[in-house]
Amino acid sequence: MKKLMLGNDAVAEGLYDAGVSFVSSYPGTPSTEVTEKLAEFRGIHSEWAPNEKVAVEAAFGASLGGVRAFSGMKHVGLNVAADPLFTMAYTGVNAGFVIAVADDPGMHSSQNEQDSRHYAVAAKVPMLEPSDSEECYEYAKLSLELSEAYDTPVLLRLCTRVSHSQSLVETTGRATPPEKPYSRDVPKYVMMPGNAKRRHPLVEERTERLRELAESSTFNSVERGADAKLGIICSGTAYQYVKEVFGSSVSVLKLGLVNPLPVRMIEGFASSVETLYVVEELDPVIETHVRALGIACHGKDVFPLCDEFSQNLVAEKLSAYLASPVVSPQPPVLGSELPTRPPVMCAGCPHRGMFHTLKQNGVTVLGDIGCYTLGAAAPLSAIDTTLCMGASVSGLHGFIHAEGNASAAKTAAVIGDSTFIHSGITGLINTAYNGGAATVIILDNSITGMTGHQQNPTTGFNIHGDPAGKIDLEALCRAVGVNRVRVVDPYRLGECDEAVREETAADELSVIISRRPCALLKTVKHSAPLTVVPAKCKQCKACMKIGCPALSMTPSGARVDATLCVGCGVCAQLCKFDAMHSSQTDA
Amino acid sequence: MQTKNVMIVGVGGQGSLLASRLLGRLLVGEGFDVKVSEVHGMSQRGGSVVTYVRYGDKVYSPVIDRGEADFIVSFELLEAARWVSYLAPGGKLVTNTQRIDPMPVITGAADYPDDLVRRLAEAGADVDAFDALAAAEAAGSGKAVNVALMGRASKHFGFPEDKWLAALRDVVPARFTELNLKAFALGRT
């Protein structure tokens with residue numbers, strides 16, 4: 001029976017049913033659930049790796065060793081894993097190897113809007129792009145077959161609307177893949193120049209064989225429309241928007257294999273219609289290919305490069321081809337500007353106390369990727385930069401050199417525990433090695449928070465929640481050459497303030513570990529919520545400076561929402577009038 | 001059948017994912033093609049969240065656009081106001097009357113708009129405003145606010161009550177079944 005299934009879950013089910021046995025990934029929205037779902041299948045190996053490069057290399061090793069392997073990540077994660085990807089294109093694989101990469105058009109949860117299809121083109125590896133959960137399941141299965149048949153890693157391109165949409169899927173059950181014992185093959189697997197030189201032509205030849213597949217496989221298909229006026233080439237979510245608007249009234253060439261792209265199929269389709277459009281989100285990858293074939297088409301001259309598409313956008317841009325003109329509905333709207341509702345750090349978030357301290361001390365803060373990026377928002381307004389995973393620590397090193405050592409007294413880097421292990425540690429090594437009086441603050445909330453609580457090498461638990469090796473952050477920092485390492489509790493503002501003052505003033509590299517588990521963790525016991533003593537509250541709004549969603553100011557003074565408050569007590573430390581008390585001690 | 005569009009909107013953490021799962025389960029059981037689109041990640045941290053549920057004979061797009069929603073179920077008043085322009089002509093807005101201040105209101109940078117239910121109706125929306133939090137608390141826990149609200153919304157959707165209850169039993173953990181059935185019933189009455 002068909003089940004309603006998240007695209008990411010369907011990818012996991014497909015990989016499992018195709019016999020995947022080794023999974024190594026790094027979490028990243030919107031890709032995370034693929035690996036979380038795979039981890040539910042016992043009997044196969046699943047793990048969170050410290051970063052995407054390690055994940056891909058581990059999975060490559062498993063493929064070499066003879067089992068079907070998978071690695072999942074978000075689009076920017078593939079930047080990190082690009083190094084092994086480009087050369088794996090040369091070595092090929094042994095058992096099937098698939099990398100799922102999830103793009104985020106519209107940037108629901110990302111720092112950029114890059115288009116992963118460029119990686120498939122640049123690395124010369126095939127890329128499949130499903131457009132709903134059913135295709136997620138089918139393509140995941142087929143991608144492992146394709147990988148073995150063509151001796152190549154395969155990219156499976158997802159995006160937010162495919163990964164995080166549920167649609168109906170029918171699964172078939174796990175099959176046993178063919179055995180693929182490792183056999184030594186130095187010219188294939190040792191990529192020194194002489195061997196790589198012999199492999200490169202094979203890569204080019206493989207691309208041409210894959211292009212032949214693209215001409216005839218069921219991944220790509222023409223859906224003939226009622227008349228020949230308009231033909232649309234599309235893939236993924238854009239296909240769904242096109243079908244939503246036009247149904248079967250226009251001709252559609254749907255591409256499921258988006259690299260390499262077919263030639264004859266596109267030429268045939270183009271010659272069968274009067275006007276050709278390419279409808280694709282983000283960059284003109286298909287359009288560029290079509291134009292290179294000398295075929296006239298419309299694409300980014302009409303459709304935007306930025307943001308995700310929708311059925312309304314497609315209808316608006318192609319309104320001339322609609323049977324009946326679009327009647328824009330006059331929906332009810334409220335006249336006044338409504339207040340925005342940006343995401344905020346949770347009540348009791350352990351990052352809040354440290355950000356307040358940094359703000360109070362006027363510190364310039366180079367930030368990183370995680371929940372704590374929200375520290376940039378008002379009223380904390382405590383972060384100056386966010387670039388990519390790890391860039392806080394390495395960036396601070398250059399920043400201090402540019403500004404002169406005196407600036408070290410007023411600058412710091414903040415980075416989460418998982419991000420520090422991902423790629424912050426290399427930046428710390430750089431500063432320890434090349435010198436500089438930087439202050440690095442590790443916001444250790446004992447979990448990978450933003451992506452929804454994944455374990456990491458600092459937590460002491462593996463992907464299944466079983467006990468695992470645990471990195472000692474203090475010892476690690478000392479081992480790379482940091483002499484000043486101290487741990488503070490971010491719920492204690494005095495302790496944070498003293499540490500920030502002393503370590504930023506110190507004339508050498510120092511690390512402050514701001515340690516307290518995420519308040520949302522099920523293992524964390526909350527204290528009783530605070531209450532405000534109305535007679536004592538002078539409405540000075542000192543407590544409002546920390547941007548806690550459990551606090552609001554009413555005409556009769558500060559108010560604590562007892563359903564949100566976890567009793568962290570940070571606001572009480574800011575109150576000069578002793579107006580905030582634990583509801584438990586009052587009772 | 002033409003595709004029907006339902007939006008579930010609210011504040012991250014209010015339990016809209018369970019509401020969409022309930023609706024999804026009901027609709028699949030009724031034999032429809034269904035798509036449910038959620039956003040995970042950063043916006044869940046207390047931000048404005050929206051879930052799209054679409055059903056019919058064949059559903060293509062996973063998202064709902066401005067002016068297309070046959071139903072909007074809102075967990076919070078300001079969010080009802082934010083998304084009301086997605087309502088189709090003749091569409092129905094079912095909203096919880098709960099107010100949750102967003103950060104710009106908490107910091108004093110903006111004011112929470114007054115009188116939203118009246119203004120929504122004046123703007124042309126067919127509004128059913130309902131205190132789902134009170135209903136959930138009466139049922140035994142404010143955490144069942146999502147189910148109480150879906151109970152209210154179920155009056156407008158037109159599927160038999162036993163189908164709703166069967167779907168509800170399927171999607172909530174067994175130990176909370178009784179609480180949720182009670183919250184749903186209080187919402188529906």
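Just so we're clear, the structure is a prediction, and the values are computed from it rather than from any experiment.

**Notes on the interface of chain B and chain A**
- Opposite the 56 residues of chain B that make contact, chain A presents 53 residues.
- Across the contact surface, chain B and chain A share 3 salt bridges.
- Residue Glu76(B) is joined to Arg341(A) by a salt bridge in which the shortest nitrogen-to-oxygen separation is 3.0 Å.
- Broken down by secondary-structure element, the contributors of at least two residues to the side of chain B that touches chain A are α1 (16-29), β2 (33-37), β3 (48-56), α2 (77-83), β5 (87-96), α3 (103-106) and α4 (116-122) of chain B.

**Overview of the sheet that holds strand β15 (residues 411-416) of chain A**
Residues and elements named next belong to chain A.
- Spatial strand order, β14-β15-β16-β18-β17: 5 strands in an open sheet with parallel pairing. The two strands at the open ends of the sheet, each matched to only one other strand, are β14 (364-366) and β17 (484-488). On average, each strand axis in the sheet is tilted by 25° relative to the strand beside it, whichever way the strands run.
- Bridge analysis of strand β16 (residues 439-444) against strand β18 (residues 510-515) gives 6 bridges, and the strand direction is parallel. Residue pairing for β18: Ile441 is matched across the bridge by Ile512.

**Topic: the side chain of Ser61(B)**
- Tracing the chain through its elements places Ser61(B) in the loop between β3 and β4 (69-74).
- Judged by relative accessible area, which is 0%, Ser61(B) ranks as buried.
- Polar side-chain contacts of Ser61(B) include one of 3.1 Å to the backbone nitrogen of Val63(B).
- Here Ser61(B) is in contact with Gln240(A), Tyr241(A), Glu244(A), Gln311(A), Lys35(B) and Arg54(B), once residues within four sequence places are set aside.

**Looking at the pattern of salt bridges**
All names here are of chain A.
- Counted under the stated rule, the structure contains 45 salt bridges over all chains.
- Across the salt bridge formed by Arg515 and Glu474, the nearest N and O atoms sit 3.0 Å from each other. With a gap of 41 residues between them, Arg515 in strand β18 and Glu474 in helix α18 (residues 473-479) connect regions that are remote in the sequence.
- Taking the relative accessible area as the measure of exposure, Arg515 reaches 28% and is therefore partly exposed.
- Linking Asp489 and Arg492 is a salt bridge whose minimum nitrogen-to-oxygen distance equals 3.9 Å.
- Since its relative accessible area comes to 10%, Asp489 is described here as buried.
- Taken together, the shared-partner salt bridges connect Asp103, Asp115, Arg117, Glu129, Arg157 and Glu280 into one network.

So, how was this worked out
Residues numbered from 1 in each chain as written. Chains lettered and ligands numbered in written order. Predicted model: local features only at pLDDT ≥ 70, side-chain atom pairs only at ≥ 80, totals over all residues. Heavy atoms only, no water. Contact = heavy atoms within 4.5 Å. Salt bridge = Lys/Arg side-chain N within 4 Å of Asp/Glu carboxyl O. Helix = DSSP H or I, 4+ residues; strand = E, 2+ residues; numbered from the N terminus. Pairing = 2+ DSSP bridges. Axes fitted to C-alpha atoms, helices over the stretch in contact; angles between N-to-C directions. Buried < 20%, exposed > 50% of the residue type's maximum accessible area, 1.4 Å probe, protein only. Polar contact = N/O pair within 3.5 Å; in protein donor to acceptor, adjacent residues only side chain to side chain.

So, to be careful, I would describe these as geometric facts and stop short of saying anything about function.
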